[in-house]
4 protein chains.
Amino acid sequence: MIRIGIVGATGYAGAELVRILSGHPDASLTVLTSRQYAGQPFEKIYPAFKGLVGLNCEAYDTDQICSQTDVVFLALPHKLPMAFAPDLLKNGKKVIDLSADFRFSDPVKYEAVYQPHTSKDLFSQSVYGLSEVFFDQIKNADLIGNPGCYPTSVILPLYPLLKDGLIDVSTIIADSKSGASGAGRSLSLTTHICEISESFKAYKVTGHRHKPEMDEVLTGAAGQSVDITFIPHLLPMSRGMESTIYASLKKRVTPEYIYNCLAEFYSDCPFIRLYDHGIATDTANVRGTNFCDIGFFLEKDKNRIVMMSVIDNLVKGAAGQAVQNMNIMLGLDETAGLNIMPYPI
Amino acid sequence: MIRIGIVGATGYAGAELVRILSGHPDASLTVLTSRQYAGQPFEKIYPAFKGLVGLNCEAYDTDQICSQTDVVFLALPHKLPMAFAPDLLKNGKKVIDLSADFRFSDPVKYEAVYQPHTSKDLFSQSVYGLSEVFFDQIKNADLIGNPGCYPTSVILPLYPLLKDGLIDVSTIIADSKSGASGAGRSLSLTTHICEISESFKAYKVTGHRHKPEMDEVLTGAAGQSVDITFIPHLLPMSRGMESTIYASLKKRVTPEYIYNCLAEFYSDCPFIRLYDHGIATDTANVRGTNFCDIGFFLEKDKNRIVMMSVIDNLVKGAAGQAVQNMNIMLGLDETAGLNIMPYPI
Amino acid sequence: MIRIGIVGATGYAGAELVRILSGHPDASLTVLTSRQYAGQPFEKIYPAFKGLVGLNCEAYDTDQICSQTDVVFLALPHKLPMAFAPDLLKNGKKVIDLSADFRFSDPVKYEAVYQPHTSKDLFSQSVYGLSEVFFDQIKNADLIGNPGCYPTSVILPLYPLLKDGLIDVSTIIADSKSGASGAGRSLSLTTHICEISESFKAYKVTGHRHKPEMDEVLTGAAGQSVDITFIPHLLPMSRGMESTIYASLKKRVTPEYIYNCLAEFYSDCPFIRLYDHGIATDTANVRGTNFCDIGFFLEKDKNRIVMMSVIDNLVKGAAGQAVQNMNIMLGLDETAGLNIMPYPI
Amino acid sequence: MIRIGIVGATGYAGAELVRILSGHPDASLTVLTSRQYAGQPFEKIYPAFKGLVGLNCEAYDTDQICSQTDVVFLALPHKLPMAFAPDLLKNGKKVIDLSADFRFSDPVKYEAVYQPHTSKDLFSQSVYGLSEVFFDQIKNADLIGNPGCYPTSVILPLYPLLKDGLIDVSTIIADSKSGASGAGRSLSLTTHICEISESFKAYKVTGHRHKPEMDEVLTGAAGQSVDITFIPHLLPMSRGMESTIYASLKKRVTPEYIYNCLAEFYSDCPFIRLYDHGIATDTANVRGTNFCDIGFFLEKDKNRIVMMSVIDNLVKGAAGQAVQNMNIMLGLDETAGLNIMPYPI
């Protein structure tokens with residue numbers, strides 16, 4: 001069994017890793033860390049796991065984690081992972097970081113939106129963990145920068161069409177909507193039920209930190225500089241993310257052309273489900289799963305495409321994709337531990 | 001007191017009219033009709049109004065309604081109002097129709113999306129009841145086609161900028177999100193709590209009937225043909241509608257220019273609240289009220305504007321705007337009965 | 001116009017006072033205080049009130065509040081009101097305290113559940129503001145201890161039957177359920193949407209501080225010591241409280257007897273709505289209003305009564321009843337400012 | 001592989017059976033029937049299962065189902081199963097009926113609340129499928145009457161204490177609350193999001209059909225006639241059921257005594273989780289799982305016990321318990337297919 005450490009196990013992404021990895025056939029949880037709850041049984045923090053997860057939360061200790069794990073997931077706020085990763089890698093651990101610290105290939109871009117980076121030397125070996133797109137690089141990686149939830153939902157539908165050269169990159173608009181679990185477990189008025197229920201709003205309209213992350217990957221796909229318009233919105237619900245993406249096409253094509261372009265690109269991808277032309281996606285269809293469902297509609301008169309993608313922001317948007325990346329890194333079945341049936345109701 | 005009849009009083013728009021008009025200082029409810037509940041006390045259908053609304057629901061009877069009312073609100077599915085309106089108008093009633101039957105100025109456009117129209121002769125006298133925009137025509141009207149909720153939320157932010165010639169009309173995209181009450185009280189899996197809670201989805205992506213309504217009015221504003229991209233989405237909540245609108249600008253302007261353009265156009269409008277540049281709107285801020293809050297953000301690099309508008313789909317998007325139109329038609333204070341404080345929580 | 005000060009105006013009860021009193025025909029808000037937001041416009045904290053409430057939040061200042069108000073509402077955590085009330089009363093202000101500080105007639109009982117009381121001398125003049133029950137005392141009071149939400153919902157249905165001697169007091173059980181706004185605006189995992197949505201639970205099963213408050217008033221009604229079983233539960237919603245109350249009867253009676261007992265006791269009470277035997281109440285029917293709806297069902301075989309009561313915890317359970325008490329104290333129409341239509345949807 | 005037929009596969013209980021059994025290591029779905037959707041792919045009705053469930057819905061055909069299945073789950077409204085079961089049993093199928101048709105041991109009691117029973121001869125062989133309580137009988141059964149959700153949540157906490165003779169049966173009160181999925185997928189105003197969100201209410205206060213079912217089983221446990229007070233309530237959420245149960249004790253005991261009484265009775269039961277004295281349960285802790293969590297609190301002064309139990313009404317309250325019963329009937333591991341991690345958020 002692969003021995004797993006989860007650093008920051010009591011946040012929502014961390015707890016989702018615990019949930020998923022508890023059912024993984026080849027993995028065994030050995031270390032859970034939590035600054036806030038060190039010394040307490042994990043099942044006391046999450047009573048749902050009473051009798052299911054026997055570990056205690058512990059303070060982070062490099063020596064202990066290096067001796068007791070093979071793979072380490074860092075489910076921490078950015079800035080901490082860049083401090084922990086070097087020692088873990090030196091000790092031969094595989095590291096999957098769910099923060100932004102290792103998502104960028106250009107440190108300048110990282111520092112423009114976050115803060116100074118103290119482990120820039122690792123940029124050359126870190127791989128952006130968008131599993132379907134960077135599968136080959138992930139296979140050989142020791143350090144993964146696991147993608148943000150918004151970038152996952154925006155890049156997956158666009159990537160094949162950008163590669164194909166179909167899209168006028170100056171016209172890309174992503175109108176994204178996220179459930180509240182994306183904001184994490186730390187307390188904020190934003191996620192107080194009285195403030196969020198029966199409420200819908202855009203937020204960070206002047207600039208969300210996930211946008212440069214998207215732009216960098218989309219630029220790579222397009223082979224030219226991409227600077228999209230991205231507006232995130234907050235949904236009155238816990239789990240689920242939808243992106244409706246608009247773009248003008250550079251040439252006239254049929255819906256079949258688009259369907260095929262997507263279907264071919266994702267032909268071996270168990271977690272991508274492609275919808276027929278004109279069929280809308282629904283976050284409920286992917287709830288609790290690692291799926292990304294993609295739909296599209298071609299406005300022929302305007303030669304504009306509307307794409308829709310849905311993910312569970314905590315699964316494909318965080319913990320699920322992280323486990324998928326671990327599977328790929330270790331040569332396991334890509335779906336191991338992730339064959340979770342959805343809960344549409 | 002002005003005597004009021006509400007035809008179709010037990011649907012959500014009808015019940016909202018009852019709620020608002022019960023508190024109107026110059027109006028008195030005299031007739032409530034309902035096909036389904038004829039003969040039953042209104043407060044039996046809506047126990048919330050126990051002791052507050054004493055009327056019974058009645059079957060629709062032209063003679064009775066003509067003898068007992070001065071103003072008639074038609075809160076019915078389209079097709080019925082075109083049959084009822086002629087007799088009401090002949091008898092000197094003011095008619096405010098909340099369906100689509102009298103929203104179009106061109107019957108061909110109506111018939112393209114709905115069905116054959118049997119009262120086309122009334123098109124010349126019907127006025128589109130977007131209160132702030134068509135105030136002067138409404139003042140002298142006897143027949144109002146009360147706007148759809150989506151058109152209200154999309155047209156209000158765009159109208160002044162189109163009038164100003166600022167917007168490249170070929171680039172307009174409206175990504176709109178509606179609470180479930182917009183689908184009405186009739187039963188559907190779509191509004192079953194188990195299907196809609198923790199769910200978010202686009203719907204009618206290949207064409208919603210509110211789009212031609214918007215296009216016609218926006219075309220009037222722009223002085224050139226407008227054919228926007230419009231994608232409606234369903235929110236897991238009851239009340240509230242948000243539209244995030246994207247468009248490229250034809251010239252470089254400052255945020256102040258845009259703010260002033262909107263502020264001047266709506267200078268005498270008590271129900272329009274304009275937000276400073278970069279501040280997002282929130283449906284919770286207008287819940288239960290007749291307000292339309294408008295925000296915007298200028299992406300300078302791309303010379304693209306992002307506008308956000310929020311309304312309560314049952315109030316400014318239906319019953320509230322209908323009452324506002326009645327006030328204007330009768331020369332009353334525009335806000336009479338509509339000074340409702342919001343319920344942000 | 002009566003000049004109103006609200007101390008603690010940015011909490012949920014405080015903001016609800018602002019909402020209600022903004023529409024009061026005889027009152028005018030003059031001072032709003034907030035420790036956290038002193039110096040900021042109230043409408044910045046609650047953008048819903050943009051353009052509707054022009055006041056700034058201020059730090060609490062005794063001299064200022066005494067010179068600028070006639071009535072002061074204290075919407076603060078317990079312990080603070082006992083420090084502020086003496087000066088306000090000395091300066092001739094009417095004081096309505098929404099905390100527990102002046103709800104008890106016996107300081108020993110207060111101190112057993114809260115903390116030492118520093119203004120015990122005021123207990124002789126403070127009146128428990130359960131408006132319908134203590135109307136006559138409230139009329140002449142200068143200091144009101146406004147009831148807790150749970151006590152309001154539990155005492156109102158029981159009081160008349162206890163007065164009547166009908167109930168075996170040793171059998172009273174109140175199973176109460178509250179919306180999350182009862183927990184206030186301060187941050188807690190309990191009200192994080194991800195923890196509360198799709199969740200239902202009892203809490204404080206070993207003792208909630210509202211229980212001694214109920215017991216004291218119910219004891220007064222029964223003329224014998226009452227010690228009920230009270231279990232509060234948390235609902236996945238914002239507003240609304242329901243109590244289902246169980247008790248054995250000391251004699252055999254008909255449903256009519258019970259209906260009449262309640263109807264007579266509340267014959268002049270505009271905010272009590274009594275349901276026919278066997279009809280259940282619904283929190284949605286009182287949402288946004290000051291109503292308490294009461295239903296009941298008699299289990300003849302077991303001679304046990306089941307009562308149901310619903311209130312909006314922020315209105316009749318807090319701010320609305322406070323305004324009702326102000327109206328009574330000042331000899332105004334009891335319903336002034338409180339003729340709010342419900343929002344059943 | 002055991003071949004499984006699900007009759008009524010598109011209702012919520014049926015779809016939940018599909019979800020659970022799709023992950024069962026020893027079972028394989030072979031027939032799904034649906035009156036409404038016969039001929040359509042199951043994944044078209046539930047797009048969440050796109051790519052996961054390949055079967056089409058079919059009309060019910062006795063011959064076909066007998067030749068293609070070993071175990072048949074009937075997820076139908078009552079009255080239909082009594083017509084289908086005889087043929088299935090004659091053909092050697094194991095039958096698990098999720099309706100009320102085979103839950104009673106006394107046909108008179110069944111007919112008093114439902115309708116005439118046309119297969120009374122099967123009562124002698126049908127077993128009430130409360131897995132933990134009737135394990136031994138289930139092991140040898142061919143026909144299971146799978147318990148109602150309310151009875152499951154009410155009987156499980158009470159049964160051991162009644163067996164022990166601890167409880168004064170005349171004092172039992174169950175105040176139960178259910179998520180809306182218990183009402184099923186058929187359309188009703190009750191489950192319209194606009195009517196149920198921000199709403200809480202008791203319903204069927206004059207008599208719910210699950211009460212006689214509870215009374216019969218509790219009577220068996222107590223060895224004397226039990227006639228409890230049972231009031232169901234509707235929660236503004238999809239999944240989850242809580243029962244708060246009150247009863248007076250016949251003798252003075254300690255919390256440890258009660259804990260041990262429950263712990264011993266359920267010592268070999270993988271799906272019962274017992275909480276320490278004074279700790280409340282939460283429906284979120286069992287969401288998506290087959291667990292029944294039980295908590296309790298002893299009011300020493302009054303010698304009254306308060307018990308709390310939570311289940312997922314669609315899993316332990318319906319489909320999960322049905323699969324558990326299948327496992328027991330077939331001698332499989334009781335937990336096969338049911339090792340589902342909960343989704344606390």
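In what follows, the structure referred to is the one given above.
Turning next to the overall build of chain A. Along chain A, the regular secondary structure elements total 11 helices and 14 strands. Here the C-alpha atoms of chain A give a radius of gyration of 20 Å, agreeing with the 20 Å that 2.2 N^0.38 yields for 345 residues. Referenced to the eigenvectors of the C-alpha coordinate spread, the extents of chain A come out at roughly 65 × 45 × 40 Å. Residues counted as buried form 66% of the 345 residues belonging to chain A. In chain A, the proportion of contacts linking residues at least 24 apart, taken out of those at least 6 apart, comes to 69%. Carbon and sulfur atoms form 49% of the exposed surface of chain A, whose accessible area is close to 10900 Å². The average position of the 30 basic charges and that of the 37 acidic charges among the side chains of chain A differ by 3 Å.

With that out of the way, let us pick up the interface of chain C and chain B. At the junction of the two partners, chain C supplies 28 residues and chain B supplies 27 residues. When the area that chain C buries against chain B is broken down by residue, the three leading residues are Met-341, Tyr-343 and Ile-345 of chain C, summing to 31%. Where chain C packs against chain B, one counts zero salt bridges. Where chain C touches chain B, the interface holds 14 residue pairs in polar contact (both at pLDDT 80 or more). When residues of the side of chain C that touches chain B are traced back to their parent elements, those giving at least two are helix 1 (12-21) and strand 12 (272-274) of chain C. Residue composition of the side of chain C that touches chain B, by class: 19 nonpolar, four polar and five charged.

Now for empty space enclosed by the protein. Taken as a whole and assessed by the stated rule, the structure comprises eight cavities of 30 Å³ or more. Its boundaries defined by the atoms lining it, the largest cavity holds a volume of some 370 Å³.

Now for the environment of Ile-258 of chain D. Residues and elements named next belong to chain D. If you trace the backbone, Ile-258 turns up in helix 10 (residues 255-265). With 180 residues separating them in the primary sequence, Ile-258 and His-78 have C-alpha atoms 37 Å apart. Apart from residues no more than four positions distant in its own chain, Ile-258 is found in contact with Leu-161, Leu-166, Leu-249, Val-253, Phe-296, Leu-298 and Ile-305.

What counts and how
- Numbers given to residues run from 1 along each chain, matching the order in which its sequence is written.
- Key to labels: chains lettered from A, ligands numbered from 1, both in the order written.
- Only residues with pLDDT of at least 70 are given local features in this predicted model, and only at 80 or more are side-chain atom pairs given and counted; all residues enter the totals for whole chains, interfaces and linings.
- Water and hydrogen atoms were dropped before computing side-chain values, which therefore reflect all heavy atoms in the structure.
- Under the scheme used here, helices are H or I runs from DSSP no shorter than 4 residues and strands are E runs no shorter than 2 residues, and both carry numbers assigned from the N terminus.
- Computation of the radius of gyration draws on C-alpha atoms, with the globule rule given as 2.2 Å multiplied by the number of residues to the power 0.38.
- Buried residues are those whose accessible area, probed at 1.4 Å on protein chains only, stays under 20% of the maximum for their type, while exposed residues exceed 50% and partly exposed ones sit between those limits.
- In what follows, a contact means two residues having at least one pair of non-hydrogen atoms within 4.5 Å.
- Note on areas: these come from Shrake-Rupley sampling with a 1.4 Å probe, and a residue is covered only by the protein chains present in the view.
- Here Asp and Glu are counted as negative and Lys and Arg as positive; His is not counted, and neither are the chain ends.
- Charge positions are represented by NZ for Lys, CZ for Arg, CG for Asp and CD for Glu.
- When two parts are brought into contact, each loses some accessible area as probed by a 1.4 Å sphere; the total of that loss over both is the buried area.
- The term salt bridge refers to a side-chain nitrogen of Lys or Arg lying within 4 Å of a carboxyl oxygen of Asp or Glu.
- Here a polar contact is taken to be a pair of N or O atoms separated by no more than 3.5 Å, where protein atoms must pair a possible hydrogen donor with a possible acceptor and residues adjacent in sequence count only if both atoms sit in side chains.
- Think of it as three bins: nonpolar holds Ala, Val, Leu, Ile, Met, Phe, Trp, Tyr, Cys and Pro, charged holds Asp, Glu, Lys and Arg, and polar takes everything else, Gly as well.
- Cavity: a set of points on a 1 Å grid over the protein atoms alone where a 1.4 Å probe fits but cannot get out. Pocket: an open set with protein on both sides within 12 Å along at least five of seven lines, its lining residues, like those of a cavity, having an atom within 4 Å of a point.
- Grid points are joined across faces, edges and corners, and a volume is the space filled by probe spheres set on the points.

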